[in-house]
Amino acid sequence: MARQIYLDNAATTGVHPEVLDAMVPYFLEDYGNPSSLYEFGQQAKADITEARSRIAAHINATDRDIYFTAGGTESDNWALKATADAYKDKGRHIITSAIEHHAISHSAEWLEKQGFEVTYLPVDSEGIIDPATLEAAIREDTILVSIIHGNNEIGALQPIKELAAIAHAHGALFHTDAVQSIAHVPIDVEELGVDMLSASAHKFHGPKGIGFLYIRKGVRTRSFEHGGAQERKRRAGTENVPGIIGMAKALDIAMANFEQRTAYELELRDYLIERVLAEVEHVRLNGHRTKRLSNNVNFSFEFIEGESLLLSLEQRGIMASSGSACASGSLDPSHVLLAIGLTHEIAHGSLRLSLSEKTTRDDIDYTIDAIKEVVVNLRKMSPLYEDFLQGKKAISAVK
Ligand SMILES: *Cc1c(COP(=O)(O)O)cnc(C)c1O
């Protein structure tokens, strides 16, 4: 079989074999409904309760503050929409950032249609929010601030602790989308001072379709699904028992080798960044050089179409992304790349490579060689590059 190198771990990850092993009995044998009163159901209930408490311990939360959802998208929607509804009498202003995942930004746009006012904080050229911009934007009627912890496209890590403190000083709640950062950055909800936090299992080698929302005790919220009394009456629906068991197991594994794994990813990440910046002409790194997720790399190549780059890499067995999976298919460049000041032209030439502990140095060497070759080939066919060589066009990386 031809070589395959998966460098799209920010889109999703493979389930760890031990995670699958932990889940299987809950499909075949222990399939009871946790709401059933007989022993068979009650065992499932006990097992998800135990899983909940292990997950809570990994982020220094109280068991009762973890609510299972169908993934990051649901957690983000819940955090924004239910909080807006529960606090609308206090105020109708919400603050988020210009670089959120669509699960947040599209929820925010929907809330605007419902009569809420939303401020989108800008980021600097490296994708970082200056806390002073939050201080300047926050108002008496601000009820919620929601800022992504580790960005899914450019890996930028935000000063969540400082931002949350500003929100609290002004009486607003603070939510963070930690879908990319959990298992890559230590998460302690007390230390960060967040009121709500979203996570999704399939980004850390757990199954798809399961995640959680941490909601600190005392935060007023609304039921997100209406029906049965599951999740302390806040999220109806029969629990995804195998998913919950799998998510807890995946987080256990990720946290057990946290230091070693993230150090390994970081070393590979930096090796990839340094070699590409040194060996390819007219390329820029998107996102902060060090304040970034340990597994995220994002480049923009001048005079190249990201889609062509992806296709050429795919022909060589390399799977990557030109921005975010959700954004591809649309012709608009990613809002995140525009927010850091890239022109449409250079934003279109972007490539995200996201690593995992399974990525080897050999994979990275092979990928660097492929990038070098493909970039040269594509530029040979680029009229823009031709113009540039003839001095008719300048480099246009940043507006
Ligand atoms: C993947 C992702 C989501 C959505 O999570 P799903 O479980 O796929 O719904 C939300 N936010 C960020 C930052 C993500 O990377």
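For the structure, see preceding data.
Notes on the structure in this doc start here. (Residues numbered from 1 in each chain as written. Predicted model: local features only at pLDDT ≥ 70, side-chain atom pairs only at ≥ 80, totals over all residues. Heavy atoms only, no water.)

Some points on the overall build of the chain
Logical step 1: What the chain contains, in helices and strands, is 14 helices and 12 strands.
Logical step 2: The C-alpha radius of gyration computed for the chain amounts to 22 Å, which stays within 12% of the reference 21 Å derived for 399 residues, consistent with globular compactness.
Logical step 3: Counting only C-alpha atoms, the chain reaches 75 × 55 × 35 Å along its principal axes.
Logical step 4: Counting over 399 residues, the chain shows a buried share of 58%.
Logical step 5: In the chain, 74% of the contacts between residues at least 6 apart in sequence involve partners at least 24 apart.
Logical step 6: For the chain, the accessible surface area stands at approximately 16,700 Å², while carbon and sulfur atoms represent 53% of it. (Helix = DSSP H or I, 4+ residues; strand = E, 2+ residues; numbered from the N terminus. Rg over C-alpha atoms; globule rule 2.2 N^0.38 Å. Buried < 20%, exposed > 50% of the residue type's maximum accessible area, 1.4 Å probe, protein only. Contact = heavy atoms within 4.5 Å. Areas by Shrake-Rupley, 256 points an atom, 1.4 Å probe, with all protein chains shown as cover.)

Some points on the sheet that holds strand 4 (residues 117-121)
Logical step 1: The mixed open sheet is built from seven strands, whose spatial order is 2-8-7-6-5-3-4. Both outer strands of the open sheet, strand 2 (66-69) and strand 4, are each paired with one neighbouring strand and no more. Mean inter-strand twist for the sheet, computed between neighbouring axes without regard to direction, equals 20°.
Logical step 2: The sheet contact formed by strand 7 (residues 196-200) and strand 8 (residues 211-215) spans five bridges and is antiparallel. Considered in strand 8, the bridge of L197 is made with Y214.
Logical step 3: Against the sheet, helix 2 (residues 39-58) touches strand 2 and strand 8, its axis set at about 115° to strand 2. (Pairing = 2+ DSSP bridges. Axes fitted to C-alpha atoms, helices over the stretch in contact; angles between N-to-C directions.)

Points about the environment of H106
Logical step 1: Note on placement: H106 falls in helix 4 (residues 102-113).
Logical step 2: Sequence spacing of H106 and N77 is 29 residues, and the spatial spacing of their C-alpha atoms is 8.9 Å.

Focus: the packing of aromatic side chains
Logical step 1: A complete count under the given rule lists seven aromatic pairs for this structure.
Logical step 2: With a centroid separation of 5.1 Å and an interplanar angle of 50°, the aromatic rings of F303 and Y385 are classed as tilted. Within this pair, whereas F303 is found in the loop between strand 10 (296-301) and helix 10 (306-315), its partner Y385 is found in helix 14 (residues 383-389), the two being separated by 82 residues in sequence.
Logical step 3: We classify F303 as buried; its relative accessible area is 7%.
Logical step 4: Y385 gets classed as buried once you look at its relative accessible area, which sits at 15%.
Logical step 5: On the numbers, 4.9 Å between centres and 35° between planes, the contact of F303 with F388 is tilted. (Phe/Tyr/Trp six-rings, centres within 6.5 Å; stacked < 30°, edge-to-face > 60°.)

Thoughts on helix 4
Logical step 1: Here helix 4 spans 16 Å end to end across 12 residues, near enough to the 16 Å set by a 1.5 Å rise per residue.
Logical step 2: A positive backbone phi angle near 100° is found at G115, which sits one or two residues after helix 4. (Expected span 1.5 Å × (residues − 1).)

Here's the deal with empty space enclosed by the protein
In this approach, a probe sized like a water molecule rolls over the atoms, and the result shows the empty space that is left.
Logical step 1: Per the counting criterion, the structure on display carries two cavities of 30 Å³ or more.
Logical step 2: Volume-wise, the largest cavity comes out at about 130 Å³.
Logical step 3: Taken together, 17 residues line the largest cavity, and the ones lying closest to its centre are K203, F204, H205, R261 and E357.
Logical step 4: The dominant element in the lining of the largest cavity, judged by the number of residues it contributes, is helix 8 (residues 241-256), at three residues.
Logical step 5: Per-class residue counts for the lining of the largest cavity are six nonpolar, seven polar and four charged.
Logical step 6: For the lining of the largest cavity, the domains that each give at least three residues are domain 1 (17-256) and domain 2 (258-389). (1 Å grid on protein atoms, 1.4 Å probe; cavity = no way out; pocket = protein on both sides within 12 Å on 5 of 7 lines; lining within 4 Å. Points joined across faces, edges and corners; volume = space filled by probe spheres on them. Nonpolar A, V, L, I, M, F, W, Y, C, P; charged D, E, K, R; others polar. Domains from an automatic or database assignment.)

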